[in-house]
Amino acid sequence: GNHFNVDGHKTVASAIRELIAQHSIKRSNNVNPWERHDQCDSWYLDGKADKIKHSPDMKMHEWAGGQKHALEVNPGGSWFIVTNPTLNDMKLYVYYMASAPAQEYATTIVSAERVAENLSSKLACEKEIKPIIVHKIFPGVKSLHLVEGMYIGTIGPGTYRINLKPTTGPVKGQNPFRVTGIALTETDGGVEVWFG
């Protein structure tokens, strides 16, 4: 093929070093502050959900030889805490396991309640998640598991309790609802699908 040998690599590397020296390019570790304050926490690959406080009944489930992870929601419901540290409204996304062509995870209602200093709460947003992949076509696939993300709603500044309440199950052969990450962002977005 057209691949450089050792001498070819040395020649190219020397030319790159010379080009950098000619243009006085200097390395800098200075980083300017971010304009936005997005927060993204994912434990899908490393199993580390220690940045968020969650109910003690949520257990880390792992599969694929310990390479993939999700927090399982208790059939009676579970919660986690998020804080919007900005003065702006932020969009809340929850990332979870979904399946196709059959629904293999429990349908769950996700709601966000603002928790005030006096321990009272106010519902900020709520959405039902049916973790089945219906908007994609995978011909010939018997069972597919992916990470999907859903916009739950907008939350203002402050601390919120995110409640996860399964509305189905436990149905025989169905897995608990599994959360793989959360995101708060000032803009639309986040990753829509990660392969499971």
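Model, not experiment: these values are computed from the prediction.

S.K.: Which parts of the structure should I look at to understand the overall build of the protein chain?
M.R.: Along the backbone of the protein chain there are 1 helix and 12 strands. Starting at the N terminus and walking to the C terminus, you meet the elements of the protein chain as α-β-β-β-β-β-β-β-β-β-β-β-β.

S.K.: Would you mind going over the nonpolar core with me for this structure?
M.R.: It is characteristic of soluble globular proteins that their nonpolar side chains tend to be buried jointly. If you look at the biggest cluster of nonpolar residues, it comprises 30 residues, and the most contacted ones within it are Phe80, Val82, Ile162, Leu164 and Val179. When contributions to this core are tallied by element, the ones reaching two or more residues are strand E5 (78–84), strand E6 (90–100), strand E7 (108–115), strand E8 (121–129), strand E9 (144–155), strand E10 (158–166) and strand E11 (178–185). Here phenylalanine 80 is in contact with Ile52, Lys53, His54, Val94, Tyr160, Arg161, Ile162, Leu164 and Ile182, once residues within four sequence places are set aside. Among the nonpolar cores identified, the runner-up in size contains 7 residues, and Tyr44, Tyr95, Met97 and Ala183 belong to it.

S.K.: What exactly am I supposed to notice about the pattern of salt bridges here?
M.R.: Should their charged atoms come close, side chains of opposite charge can pair. This model, assessed by the stated rule, comprises 1 salt bridge. Glutamate 72 is the partner of arginine 178 in a salt bridge, and the nearest nitrogen-oxygen pair spans 2.9 Å. Placement of the pair is arginine 178 in strand E11 and glutamate 72 in strand E4 (residues 68–72), with a sequence separation of 106 residues. Just as arginine 178 is buried, glutamate 72 falls in that class too.

S.K.: Honestly, the confidence of the model for the protein chain in this entry has me stumped. Any pointers?
M.R.: As a general rule, the predicted coordinates of low-pLDDT regions are not to be interpreted in detail. Model confidence for the protein chain is summarised by a mean pLDDT of 82, while 80% of its residues fall at 70 or above. By mean pLDDT, strand E12 (residues 193–195) is the weakest element of the protein chain at 42, and E4 is the strongest at 96. Throughout residues 191–196 the model reports pLDDT below 50, and contacts reaching past four residues in sequence, or to other chains, amount to 27 contacts.

S.K.: Is there a simple way to explain the side chain of serine 111 in this structure?
M.R.: Looking at the secondary structure, you find serine 111 in strand E7. Not counting the four nearest positions on each side in its chain, serine 111 is found in contact with Leu123, Cys125, Glu126, Arg161, Ile162 and Asn163.

S.K.: When you look at the packing of aromatic side chains in this model, what are you seeing that I'm missing?
M.R.: In this description, an aromatic ring pair is defined by two values, namely the gap between the centres and the angle between the planes. Tallied over the full model, the rule gives 3 aromatic pairs. A centroid spacing of 5.5 Å and a plane angle of 55° characterise the contact between tyrosine 93 and tyrosine 151, whose relative ring orientation is tilted. Of the two residues, tyrosine 93 is situated in strand E6 and tyrosine 151 in strand E9; the sequence distance between them amounts to 58 residues. Overall, the relative accessible area of 9% leaves tyrosine 93 in the buried class. Between tyrosine 96 and phenylalanine 177 the ring centres are 5.6 Å apart and the planes differ by 25°, which places this aromatic pair in the stacked class. Highlighted residues: tyrosine 96 in strand E6 and phenylalanine 177 in the loop between E10 and E11, separated in sequence by 81 residues. Among the residues examined, phenylalanine 177 registers a relative accessible area of 0% and is labelled buried.

S.K.: I would appreciate a short explanation of the pairing of strand E3 (residues 59–63) in the present structure.
M.R.: Along any regular strand the residues' side chains alternate between the sheet's two faces. Bridge analysis of E3 against E4 gives 5 bridges, and the strand direction is antiparallel. From the neighbouring strand, lysine 59 faces E4, where its bridge partner is glutamate 72.

Reading guide: rules and limits
- Residues numbered from 1 in each chain as written.
- Predicted model: local features only at pLDDT ≥ 70, side-chain atom pairs only at ≥ 80, totals over all residues.
- Heavy atoms only, no water.
- Helix = DSSP H or I, 4+ residues; strand = E, 2+ residues; numbered from the N terminus.
- Core = buried A, V, L, I, M, F, W, Y, C linked by side-chain atoms within 4.5 Å.
- Buried < 20%, exposed > 50% of the residue type's maximum accessible area, 1.4 Å probe, protein only.
- Contact = heavy atoms within 4.5 Å.
- Salt bridge = Lys/Arg side-chain N within 4 Å of Asp/Glu carboxyl O.
- pLDDT = per-residue confidence, 0-100.
- Phe/Tyr/Trp six-rings, centres within 6.5 Å; stacked < 30°, edge-to-face > 60°.
- Pairing = 2+ DSSP bridges.

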